[in-house]
Amino acid sequence: LLTWDQIADCISQRQKMFATLEPLAMRLQHLREAAKISKDFSAIDTLKAKLAAANVSVMMNATDVSLRPNIDADLNAIEALK
């Protein structure tokens with residue numbers, strides 16, 4: 001069982017992850033818009049691979065980009081992508 005302090009730490013870390021992921025999602029959106037014009041999607045593929053290595057799920061559709069940290073997501077690896 002976890003103590004209240006441990007639970008609070010987990011919640012705090014998840015909040016940091018989501019705050020760190022928001023600008024990365026925006027970067028992916030901008031990269032995608034540029035790639036549609038240039039037809040070069042390598043920058044998107046590279047960032048998606050780095051996010052996957054940090055245990056972050058990347059979901060993209062025609063209009064949206066969503067990043068979700070998996071339960072074992074690595075905050076340090078995510079912050080290194082800034």
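Scroll up to find the structure this text is about.
Structural notes, computed from the coordinates. (Residues numbered from 1 in each chain as written. Predicted model: local features only at pLDDT ≥ 70, side-chain atom pairs only at ≥ 80, totals over all residues. Heavy atoms only, no water.)

1. Observations regarding the overall build of the chain
Within the chain one finds 3 helices and 2 strands. Principal-axis analysis of the C-alpha atoms gives the chain an extent of 50 × 20 × 20 Å. Classification of the 82 residues of the chain by burial places 26% in the buried group. Counted over contacts in the chain with a minimum sequence separation of 6, partners at least 24 positions apart contribute 54%. Carbon together with sulfur atoms contributes 57% to the accessible area of the chain, which is approximately 5600 Å² in total. (Helix = DSSP H or I, 4+ residues; strand = E, 2+ residues; numbered from the N terminus. Buried < 20%, exposed > 50% of the residue type's maximum accessible area, 1.4 Å probe, protein only. Contact = heavy atoms within 4.5 Å. Areas by Shrake-Rupley, 256 points an atom, 1.4 Å probe, with all protein chains shown as cover.)

2. Considerations on the pairing of strand E1 (residues 56-60)
For E1 and strand E2 (residues 65-69), the ladder comprises 5 bridges, and the chain directions are antiparallel. Residue Met59 lies in a different strand from E2, and its bridge partner there is Ser66. Linking E1 to E2, which pair antiparallel, is a turn of 4 residues. (Pairing = 2+ DSSP bridges.)

3. Considerations on helix H2 (residues 42-53)
An α-helix turns once every 3.6 residues. As a result, residues three or four positions apart point the same way. With 12 residues, H2 should cover 16 Å at 1.5 Å per step; its first-to-last C-alpha distance of 16 Å lies within 8% of that length. Considered for burial, the residues of H2 that qualify are Ile44, Leu47 and Leu51. The buried residues of H2 occupy an angular sector of 70 degrees when projected down its axis, which confines them to one face. Those residues of H2 that are buried are in contact with helix H1 (4-38), E1 and E2. Note on H2: the residue one or two positions beyond its end, Asn55, has a positive phi of about 65 degrees. (Expected span 1.5 Å × (residues − 1). Arc of directions from axis to C-beta.)

Everything listed here is a matter of coordinates, which is why it stays silent on function.
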